[in-house]
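Structure at a glance
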Amino acid sequence: MALDLTRHLRTEESARKFLERHCWPEGHPVCPRCGLGKAYILAEGRVRCAGCRYTFHALSGRFAGLAGLTPRQWLRLLTLFAADETAHAMAAALTLAYNTAYKAATVVRLSILAASLDGLEILKSPLGAELGSAARTMRPNGPDEPLAAIPVFGILERGGMVFVDYLPTLAPQDLLHFNRNFSLPLSRLGAIVYSDRYLRYDALVACGSELLNRRLVEVAGRAPAVDPRQTGFWPYARERLIRFHGVTARKFPLYLKELEFRYNHRDQDILPILLANIASLVPDLN
Ligand SMILES: [Zn+2]
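Residues numbered from 1 in each chain as written. Predicted model: local features only at pLDDT ≥ 70, side-chain atom pairs only at ≥ 80, totals over all residues. Heavy atoms only, no water.

Observations concerning the environment of glutamate 12
Inspection of the secondary structure puts glutamate 12 in helix H1 (residues 12–23). With residues near it in sequence (within four places) discarded, glutamate 12 still touches Thr70, Pro71 and Arg72. (Helix = DSSP H or I, 4+ residues; strand = E, 2+ residues; numbered from the N terminus. Contact = heavy atoms within 4.5 Å.)

Focus: helix H10 (residues 252–264)
If you check H10, its first and last C-alpha atoms are 18 Å apart, about what 13 residues at 1.5 Å a residue would give, namely 18 Å. Within H10, 13 of the 13 residues are buried, leaving the element largely enclosed by the surrounding structure. (Expected span 1.5 Å × (residues − 1). Buried < 20%, exposed > 50% of the residue type's maximum accessible area, 1.4 Å probe, protein only.)

Here's the deal with empty space enclosed by the protein
Evaluation of the coordinates by the stated rule reveals three cavities of 30 Å³ or more. In this structure, the second largest cavity occupies an estimated 40 Å³ of space. Around the second largest cavity, the lining residues are Asp84, Arg240, Arg243, Phe244, Glu258, Leu259 and Arg262. Elements that contribute at least two residues to the lining of the second largest cavity include exactly helix H9 (233–243) and H10. Tallying contributions element by element places H10 first for the lining of the second largest cavity, with three residues. Taken together, the residues of the lining of the second largest cavity break down into two nonpolar, no polar and five charged. (1 Å grid on protein atoms, 1.4 Å probe; cavity = no way out; pocket = protein on both sides within 12 Å on 5 of 7 lines; lining within 4 Å. Points joined across faces, edges and corners; volume = space filled by probe spheres on them. Nonpolar A, V, L, I, M, F, W, Y, C, P; charged D, E, K, R; others polar.)

So, the packing of helix H2 (residues 71–82) against helix H4 (residues 98–115)
Running from N to C, H2 and H4 point in directions that differ by 70 degrees, and their axes come no closer than 11 Å. In terms of axis orientation, H2 runs roughly perpendicular to H4. Judged by the twist between their axes, the crossing of H2 over H4 is right-handed. In this structure, H2 uses Trp74, Leu77, Leu78 and Phe81 to contact H4, whose residues at the interface are Ala101, Ala104, Ala105, Val107, Val108, Arg109 and Ile112. Each residue belonging to the contact of H2 with H4 can be placed in one class, and the counts come to 10 nonpolar, no polar and one charged. (Axes fitted to C-alpha atoms, helices over the stretch in contact; angles between N-to-C directions. Parallel < 35°, antiparallel > 145°, perpendicular 65-115°, else oblique. Left-handed = near helix turned anticlockwise from the far one by under 90°.)

Concerning the coordination of the zinc ion
For the zinc ion, the protein coordination sphere consists of Cys31 (SG), Cys34 (SG), Cys49 (SG) and Cys52 (SG), at 2.3 to 2.4 Å. Given four donor atoms and angles of 101 to 118 degrees at the metal, the environment of the zinc ion is assigned as tetrahedral. On the basis of relative accessible area, cysteine 31 is assigned to the buried category, the value being 3%. Taking relative accessible area as the criterion, cysteine 34 reaches 43% and is therefore assigned partly exposed. (Donors = N, O, S within 2.8 Å, 3.2 Å for Na, K, Ca; no water. Tetrahedral: all angles 85-135°; square planar, octahedral: opposite > 155°, others 65-115°.)

Section: the sheet that holds strand S3 (residues 55–56)
Strand order across the open sheet formed by three strands is S1-S2-S3, with antiparallel pairing between neighbours. The open sheet is flanked by strand S1 (39–41) and S3, the only strands paired with a single partner. (Pairing = 2+ DSSP bridges.)

Quick notes on the pattern of salt bridges
Within this structure, the stated rule accounts for 15 salt bridges. With its nearest N and O atoms 3.6 Å apart, the salt bridge here joins arginine 158 to aspartate 202. Residue arginine 158 is located in strand S4 (residues 153–158), and its partner aspartate 202 is located in the loop between strand S7 (192–195) and strand S8 (203–207); the two are separated by 44 residues in the primary sequence. According to the relative accessible area criterion, aspartate 202 is buried, its value standing at 9%. Between arginine 214 and glutamate 210 there is a salt bridge, with its nearest N and O atoms 4.0 Å apart. Of this pair, arginine 214 and glutamate 210 both sit in helix H8 (residues 210–215), four residues apart, which is roughly one turn of the helix. Sharing partners across several salt bridges, the network here consists of Asp84, Arg109, Glu239, Arg240, Glu258 and Arg262. (Salt bridge = Lys/Arg side-chain N within 4 Å of Asp/Glu carboxyl O.)

In structure tokens form, the structure reads like this:
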């Protein structure tokens, strides 16, 4: 049965208590700076650490503290995110500015990325910095600024689970080289280019490389192995990537990791996981 938040949405106070329980599952405040579980209660949900004297509240240092939403707005936004609604729909339902809703959705995606297998590695990489991670303060950049380097991802599906691996040693130029000199079949899906099997991967994929898009050659009579598939991750992702039409190079890595998460939890209610993700501490990347 899906988690029903109706009861917690009644007031801002009930929403705050509910979110607080996710941030402090031990039942008492834990300092996000030094980790001590002893604090003095101040007014308006604020507490002061008995160890390092840091003044904080439940959302301090956590993903949920990055978007400027109230606890009630967070619960409503996560419900819509779980239902795969767009930032436009979130903004309309919550009467928020589009940019505020988009930023909050980006924070949810960053929290999904951080919880994924190679998430910390990505956040610590130059790509992570471009996606908005900078030590413990995430700064989601403007959605249309071009990326300095287009990342390549490898898609590997085994036993109904997909792994979308960031491959920092590969660049779009390499895909082009494999395509032109070693006949690696490539196909396009809008600005996305994806390949036939490569080493252990079902496909390599990159989005927004002009060079790759312009110069790739069709390999006569051969298409990427994922093309004819009717089930599995690729058809699942393809349908959604078409629906998001106009996915930009900058948005693509976070969307792709979101699709990995949604696919691997496709038979589950993801709302409790999203709650746990935004309630987690933003990792210290120093
Ligand atoms: Zn402390």
